[in-house]
Amino acid sequence: MIKDQAKLAIDFLRSRQEYYDLRYWLALVSYDPEERTVSNQFYLLYLIIFFTIWFFMVLIFAAKGVLRFFQLASPMPAITIVSTLLLLSFVIFAVFVFLSSSLRSPLIFTEEHRYLLCQQPVPSRYLVFRWLPAPWLQSLVVLILICLMLGFSLGEITFPADDIASYFLVYVWYGLRVALLAIPYHFALFTSTWAVGLYALRHRGKFKAYLPMLVLVLAVLVLLVIFILFAFFGLNPTISEPVVAVLNNLLLSFFGQGKYSLGFSLMFGVILSAISLLLLWLTAKDFSPAKAAHETQTAALLSSFVKYGQFEAIELVRRKRRMGLTGKSRFLPDWQNSKAFAWKMILQARRTLRFSDFYLLLVTFLLTFGFQLMGNTPAGWLGLASWVWMLSRHLLDYFKQDLSLWPLTRQVPIPTRSWALIDLLLPTIPHLIILMISLCLSFAIFPVRNWVFLLLLPIGLLGAILQLGQDILRKTQIEFLAMGTVQSFGFRGLLMAILCLLTPLLILWFSPGFLGLISSVLSSALLFWISYTGLESQLKRLQLGQESLLF
Amino acid sequence: MTPTTPALQTIGLTKKFKDFQALYPIDLSIAPGELVVLQGHNGSGKTTLLNCISYLLPPTTGNIKVMGFDIIKQEKEAREHLAYVPDVPRFFLELTAWEHLRFIAAANSTLDGFDQRAEKLLKDFGLWHVREHFPHHFSRGMRLKLGLLLGLIRPSNVLLLDEPTSALDTQGTELLVEELQRRKEQGSSILLSSHSPQLTSQLADRTLELVEGRIASDSSTLAS
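Residues numbered from 1 in each chain as written. Chains lettered and ligands numbered in written order. Predicted model: local features only at pLDDT ≥ 70, side-chain atom pairs only at ≥ 80, totals over all residues.

**Structural notes on the overall build of chain B**
Stage number 1. Regarding its fold elements, chain B presents seven helices and 10 strands.
Stage number 2. By the compact-globule yardstick of 17 Å for 224 residues, chain B fits well, its C-alpha radius of gyration being 17 Å.
Stage number 3. In chain B, which comprises 224 residues, the share counted as buried stands at 49%.
Stage number 4. Considering only residue pairs separated by 6 or more positions, chain B has 69% of its internal contacts joining residues 24 or more positions apart. (Helix = DSSP H or I, 4+ residues; strand = E, 2+ residues; numbered from the N terminus. Rg over C-alpha atoms; globule rule 2.2 N^0.38 Å. Buried ≥ 20, exposed ≤ 12 C-beta atoms within 10 Å, placed from the backbone. Contact = placed C-beta atoms within 7 Å.)

As structure tokens, this is what we get:
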């Protein structure tokens with residue numbers, strides 16, 4: 001009786017979550033299942049028809065892309081390529097899911113689950129099986145799309161291009177058959193990864209926890225290798241012959257070929273699913289929700305951030321994880337007063353240095369090099385505008401963090417303007433250096449030399465960063481700042497920043513002579529000055545607690 | 001500054017959030033070496049008053065003087081004498097506890113003798129063993145202690161503390177009382193908000209009761 005009540009409670013909780021998850025995704029297309037009007041029912045019908053056609057068109061378009069790949073590998077039969085691609089998709093999926101579900105619990109619980117659900121004496125098996133459907137369906141969607149696309153690709157080859165309309169239903173069946181057959185196999189694979197994951201959770205910290213995962217990952221990789229050897233090189237050692245025969249016929253049956261019928265392959269998949277379910281049933285007996293919640297709290301948090309597009313919060317969680325528990329203080333110069341901010345920033349940069357920082361420097365190099373090569377043209381401006389956009393997402397991090405720590409940074413007897421300028425301009429210096437190197441290198445290599453870029457691009461970039469800083473301040477209110485809340489820059493700020501960089505170049509383009517040269521340099525300096533004074537006035541406004549006068 | 005100049009003075013200080021009047025004109029004067037405890041119910045305006053005095057929130061009207069310096073007109077000079085410890089301290093993500101202290105000392109140009117001061121404070125408050133840890137891994141009490149140390153690491157004539165004992169253990173509270181007593185004897189003026197009767201009875205020269213943004217009573221515990 002008590003067990004039944006617990007099952008009802010789990011069922012109630014999970015079904016509410018699934019329903020609200022579904023509502024969230026439906027809200028993205030402005031459909032509310034709570035609204036019970038006729039027009040809303042028609043809207044749902046419209047959505048189903050629209051997205052079915054849309055997906056169909058996209059998949060056919062993608063299938064045509066795969067077709068080109070077939071043409072590149074023309075000596076190979078198309079059926080061999082699609083079979084291999086299907087197997088490859090399954091193997092990549094299997095390796096990824098086996099690894100992720102073994103390294104942390106496959107059942108993901110949030111902070112709320114941890115305290116409200118995982119501490120209760122709930123029946124573990126029922127919990128596992130009730131938690132299974134939603135993640136399985138989410139994971140199935142991607143594979144189904146791949147299967148449909150592969151089926152359509154084969155249809156594109158099989159039927160004459162001009163006459164596909166006559167075979168339309170058969171063409172659609174080519175895709176649907178692969179998708180239909182994939183379902184039980186995907187379910188079997190997904191369920192077995194959960195079984196392996198629960199086993200790993202139970203024996204966490206011991207080598208045997210990861211043994212099933214290693215064996216299965218190895219097995220699927222070996223399957224892939226022996227199939228490729230057989231399909232592409234005709235190698236089929238006696239030892240692997242029976243396995244290859246089954247695998248080959250199974251894969252061919254997805255595309256209506258080989259010895260196995262659709263019903264046989266479907267039945268085979270169902271049997272595999274039943275075995276996986278049995279394995280899961282056995283491993284779920286000793287499942288500990290509390291242990292799983294402890295492991296998956298961060299994963300749940302990250303997935304909720306992803307769902308709501310909170311990418312800054314994701315970055316923060318990842319940064320904390322990367323930094324670990326402790327840090328050694330090796331760089332301790334006697335820099336005092338406003339130089340303390342520079343020291344702090346160097347320390348922060350060293351602690352959070354990662355590949356993307358170097359990637360951004362490479363972007364600076366390539367874009368400015370390319371701009372010099374292309375000359376002052378609209379295509380070049382587009383490149384520079386995207387450059388400002390890419391840099392803006394990283395170069396303002398220190399400024400935003402110092403603003404968010406207003407009770408700490410505001411208290412020091414250093415003018416806010418001083419540390420604001422350090423925060424904004426210091427991270428820009430490596431990009432300025434790379435920019436200069438890139439321009440000088442392009443001058444050395446190519447005969448076309450626009451020396452004025454050496455002046456316009458650095459001043460423009462500095463002006464752009466100050467504009468973005470100004471926009472952050474414009475959108476910030478002192479009351480929120482005191483609580484540590486900082487807004488990011490808006491579209492207006494980004495637009496102004498891009499204009500700071502591009503306006504002098506536009507002037508130079510319209511008037512390429514000496515007068516244009518002087519005007520562009522003067523306008524560049526003027527825009528920098530406007531950005532600087534704008535930043536200063538926004539800082540003053542903020543300190544005095546006034547509302548922004550800018551739109 | 002003449003001997004009669006208060007260490008901290010507010011004249012007609014008010015704060016209004018849109019239509020909500022959080023603080024009505026507040027005239028407050030704290031003498032050098034005096035410790036004043038600010039009391040009041042939740043939402044009475046204690047944190048807002050401390051935020052305004054430290055000029056983290058600009059007051060709507062009124063003047064604030066720290067050691068005779070107007071914080072609005074002579075901000076740098078006033079800030080050199082003022083330290084504020086908020087009730088929920090926040091920290092840089094990438095800096096360890098030790099580096100936080102060093103940053104505050106360096107920004108206040110007080111790096112001379114920093115190592116000895118920091119070591120003593122960290123040992124006294126039981127944070128020495130976690131000096132190289134990032135504060136986002138700290139417990140609430142440890143974070144509060146580090147926040148206190150950021151206020152104590154540099155010399156200051158006026159110290160503002162917002163509910164400093166709210167998450168401290170008994171030992172931590174005793175250490176804080178000792179430290180505040182010592183600072184008081186050295187001539188520092190302290191204004192702290194607290195709900196702790198123990199802290200008030202042990203330290204307060206004067207208590208102020210804030211009710212709905214107004215000073216409802218001003219008493220001297222020493223006199224009583």
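Now that the structure has been shown, the text picks up again.
**So, the overall build of chain A**
Stage number 1. Each helix and strand in chain A was counted, giving 23 helices and zero strands.
Stage number 2. A principal-axis box enclosing the C-alpha atoms of chain A has dimensions of 80 × 65 × 60 Å.
Stage number 3. Taking all 551 residues of chain A together, the buried fraction comes to 31%.
Stage number 4. Within chain A, contacts between residues separated by at least 24 positions form 76% of all contacts whose residues are at least 6 apart in sequence.

**Describing the sheet that holds strand β2 (residues 20-30) of chain B**
Residue and element names in this part refer to chain B.
Stage number 1. Taken in spatial order, the four strands make up an open sheet running β2-β1-β4-β5, and their pairing is antiparallel. The outermost strands of the open sheet, each flanked by one partner alone, are β2 and β5 (69-70).
Stage number 2. Across seven bridges, the pairing between strand β1 (residues 8-17) and β2 is antiparallel. Along β2, the bridge assignment pairs Q9 with S29.
Stage number 3. Here helix α1 (residues 46-53) sits on the sheet and contacts β1, β2 and β4 (61-66); the angle it forms with β2, its principal contact strand, is near 60°. (Pairing = 2+ DSSP bridges. Axes fitted to C-alpha atoms, helices over the stretch in contact; angles between N-to-C directions.)

**Things to note about the interface of chain B and chain A**
Stage number 1. Across the contact, 30 residues belong to chain B and 36 residues belong to chain A.
Stage number 2. Take the side of chain B that touches chain A: its biggest share by element is five residues, from helix α3 (residues 97-107) of chain B.
Stage number 3. Grouping the amino acids of the side of chain B that touches chain A by side-chain chemistry returns 15 nonpolar, eight polar and seven charged. (Nonpolar A, V, L, I, M, F, W, Y, C, P; charged D, E, K, R; others polar.)

**Some details on the packing of helix α3 (residues 78-103) of chain A against helix α8 (residues 211-233) of chain A**
All names here are of chain A.
Stage number 1. With their axes 10 Å apart at the nearest point, α3 and α8 run at an angle of 170° to one another. Here α8 runs roughly antiparallel to α3, going by the angle between their axes. The interaxial crossing formed by α3 with α8 has left-handed handedness. Note on element contacts: α8 touches α3 through M213, L216, V217, V220, L221, L224, F227, I228 and A231, opposite T80, S83, T84, L87, L88, V91, A94, V95, F98, L99 and S102. (Parallel < 35°, antiparallel > 145°, perpendicular 65-115°, else oblique. Left-handed = near helix turned anticlockwise from the far one by under 90°.)

**Details of the pairing of strand β10 (residues 214-219) of chain B**
Residue and element names in this part refer to chain B.
Stage number 1. Buried residues are scarce in β10, accounting for zero of its six residues.
Stage number 2. Of the strand pairs in this sheet, strand β9 (residues 206-211) and β10 are connected by five bridges, and their pairing is antiparallel. Each bridged residue has a counterpart across the sheet, and for E209 the counterpart in β10 is S217.
Stage number 3. What sits between the antiparallel neighbours β9 and β10 is a turn of two residues, in which E212 has the positive phi angle 45°.

**Points about the confidence of the model for chain A**
Stage number 1. Overall, the predicted model of chain A reaches an average pLDDT of 87, with 97% of residues at or above 70.
Stage number 2. Confidence, read as mean pLDDT per element, is least for helix α4 (residues 111-116) of chain A in chain A (80) and greatest for helix α10 (residues 262-283) of chain A (94). (pLDDT = per-residue confidence, 0-100.)

**Some thoughts on the sheet that holds strand β7 (residues 158-162) of chain B**
All names here are of chain B.
Stage number 1. Across the sheet, six strands lie side by side as β6-β7-β8-β3-β9-β10; this open sheet has mixed pairing. If you trace the sheet from one side to the other, it starts and ends with β6 (82-85) and β10, each paired once. Put simply, the sheet's adjacent strands are angled 15° from each other on average, direction ignored.
Stage number 2. Here β7 pairs with strand β8 (residues 189-193) via five bridges, running parallel. In the sheet register, L159 faces β8, and the bridge partner there is I190.
Stage number 3. In the packing of helix α6 (residues 170-185) onto the sheet, the strands contacted are β3 (35-39), β7 and β8, and the crossing angle to β8 comes to about 145°.

**Here's the deal with helix α12 (residues 311-323) of chain A**
Stage number 1. For α12(A), with 13 residues, the first-to-last C-alpha span of 18 Å sits near the 18 Å given by 1.5 Å per residue.
Stage number 2. Looking one or two residues past α12(A), A:G324 carries a phi angle of roughly 75°, positive in sign. (Expected span 1.5 Å × (residues − 1).)

**With respect to the domain arrangement of chain B**
Residues and elements named next belong to chain B.
Stage number 1. Taken domain by domain, chain B holds domain 1 (1-81 + 156-168 + 188-224) and domain 2 (90-155).
Stage number 2. Each of domain 1 and domain 2 has a C-alpha centre, and the two are 25 Å apart.
Stage number 3. Listed as interface residues are five residues of domain 1 and, on the opposing side, eight residues of domain 2.
Stage number 4. By residue class, the composition of the side of domain 1 that touches domain 2 is four nonpolar, one polar and no charged. (Domains from an automatic or database assignment.)

**With respect to the pairing of β3(B)**
Taken residue by residue, a regular strand's side chains alternate between the two faces of the sheet.
Residue and element names in this part refer to chain B.
Stage number 1. Of all five residues in β3, five are buried, a share of seventy percent or more.
Stage number 2. Burial of β3 is two-sided: the residues L35, V37 and Q39 facing one way and the residues V36 and L38 facing the other way are all buried.
Stage number 3. When β3 meets β9, the two strands line up parallel, connected through four bridges. Looking across to β9, one finds that V37 is bridged to T207.

**Some details on unusual backbone geometry**
Stage number 1. Phi at A:N337 takes a positive value of approximately 60°, unusual for a residue other than glycine.
Stage number 2. On the secondary structure map, A:N337 appears in the loop between α12 and α13 (339-352).
Stage number 3. In this structure, B:E163 takes a positive phi of about 45° despite not being glycine.
Stage number 4. The topology assignment puts B:E163 in the loop between β7 and α6.

**What to know about the environment of B:A105**
Stage number 1. Residue placement: B:A105 occurs in helix α3.
Stage number 2. Setting aside chain neighbours within four positions, we find B:A105 in contact with B:T110, B:L111, B:F114, B:I153 and B:R154.

**Here we look at the packing of α3(A) against helix α7 (residues 168-202) of chain A**
Residue and element names in this part refer to chain A.
Stage number 1. The N-to-C vectors of α3 and α7 enclose an angle of 25°; their axes lie 8 Å apart at closest approach. Between α3 and α7, the angle is such that the two are roughly parallel. In this structure, α3 meets α7 at a crossing whose hand is right-handed. Contacts between α3 and α7 involve F90, A94, V97, F98, S101 and S102 from the former and L189, F190, T193, W194, V196, G197 and A200 from the latter.

**Some points on the nonpolar core**
Stage number 1. Ranked by size, the top nonpolar core spans 118 residues in total, and within it A:A464, B:L101, B:L149 and B:I153 carry the most contacts.
Stage number 2. In terms of residue count, the dominant contributor to this core is helix α20 (residues 453-474) of chain A (12 residues).
Stage number 3. Setting aside chain neighbours within four positions, we find A:A464 in contact with A:V388, A:A497, A:I498, A:C500 and A:L501.
Stage number 4. The next biggest cluster of nonpolar side chains, apart from the first, holds 56 residues, and it includes A:F109, A:C118, A:L189 and A:L250. (Core = buried A, V, L, I, M, F, W, Y, C linked by C-beta atoms within 7 Å.)

**Quick look at the environment of A:Q467**
Residue and element names in this part refer to chain A.
Stage number 1. Here Q467 is to be found in helix α20.
Stage number 2. On the basis of neighbour counts, which here come to 29 C-beta atoms within 10 Å, the residue Q467 falls in the buried class.
Stage number 3. Between the C-alpha atom of Q467 and that of L494, which follows or precedes it by 27 residues, the distance is 7.9 Å.

**Description of the confidence of the model for chain B**
Stage number 1. Taken as a whole, chain B shows an average pLDDT of 89; of its residues, 96% reach a score of 70 or greater.
Stage number 2. In the model output, the complex is listed with pTM 0.75 alongside ipTM 0.89.

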